Amino acid sequence: MNIFEALRESHDRQRSYADALIQTSGDTPERVEAYKRLKSELQAHATAEERHFYIPLMEFDNGVDLSRHAISEHHEMDEMMEALDATEMSSPSWLATAKKLSEKVHHHLEEEEQKFFQMAGKLLDDQQKETLAGQYQKEFKAQLS
């Protein structure tokens, strides 16, 4: 498995969790569980991805701006989750923020898969792609526990 395949596995879960979250309503067990799943997936993924994908890409001149942009989007998602944590789940503003988060997740993943992966594919060799995948997966699992 290479780094792109490893990242896509989490991306697919993120899309699914984000879609499920905005289908929920009120302060219900379904919303609590959907948000918990999405939040833990996003946080584990962002940490592992920054350490084992974006930081290595910053070693290349062509990878610096791309990595900074992606990391800033991770920060935006973190801020949205902080806002969600500080808002009553039954509040209309909670769902509005959750929808913004879902849109940001979808935008970020599409941008990574359509633009960043192509650039990174040219910068990293096959051995690096496999090594980074293993490091990413190990870090991701450690972050989830």
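What counts and how
- Residues numbered from 1 in each chain as written.
- Predicted model: local features only at pLDDT ≥ 70, side-chain atom pairs only at ≥ 80, totals over all residues.
- Heavy atoms only, no water.
- 1 Å grid on protein atoms, 1.4 Å probe; cavity = no way out; pocket = protein on both sides within 12 Å on 5 of 7 lines; lining within 4 Å.
- Points joined across faces, edges and corners; volume = space filled by probe spheres on them.
- Helix = DSSP H or I, 4+ residues; strand = E, 2+ residues; numbered from the N terminus.
- Nonpolar A, V, L, I, M, F, W, Y, C, P; charged D, E, K, R; others polar.
- Axes fitted to C-alpha atoms, helices over the stretch in contact; angles between N-to-C directions.
- Parallel < 35°, antiparallel > 145°, perpendicular 65-115°, else oblique.
- Left-handed = near helix turned anticlockwise from the far one by under 90°.
- Contact = heavy atoms within 4.5 Å.
- Expected span 1.5 Å × (residues − 1).
- Bend = angle between axes of the 7 residues up to and from the residue.

Caption draft 1: Broad picture of empty space enclosed by the protein. As enumerated under the stated definition, the model contains one cavity of 30 Å³ or more in all. Reported here for the largest cavity is a volume of approximately 60 Å³. Lining the largest cavity, in full, are Q14, L42, H45, A46, H74, M77, D78, M81 and H108. When residues of the lining of the largest cavity are traced back to their parent elements, those giving at least two are α2 (29–57) and α3 (61–85). Looking at the lining of the largest cavity, its residues break down into four nonpolar, four polar and one charged.

Caption draft 2: Highlighting the packing of α2 against α3. Between α2 and α3, whose axes approach to 10 Å, the crossing angle comes to 160°. Judged on the interaxial angle alone, α3 and α2 are roughly antiparallel. For the element pair α2 and α3, the recorded crossing hand is left-handed. Residues Y35, K39, L42, Q43, A46, E49, E50, Y54 and L57 of α2 form the contact with α3, whose participating residues are G63, V64, L66, S67, A70, I71, H74, M77, M81, L84 and D85.

Caption draft 3: Expanded view of helix α4 (residues 92–123). Between its terminal C-alpha atoms α4 stretches 45 Å, which fits the 46 Å expected from 32 residues at 1.5 Å a residue. Maximum bend of α4: about 40°, positioned at F116.

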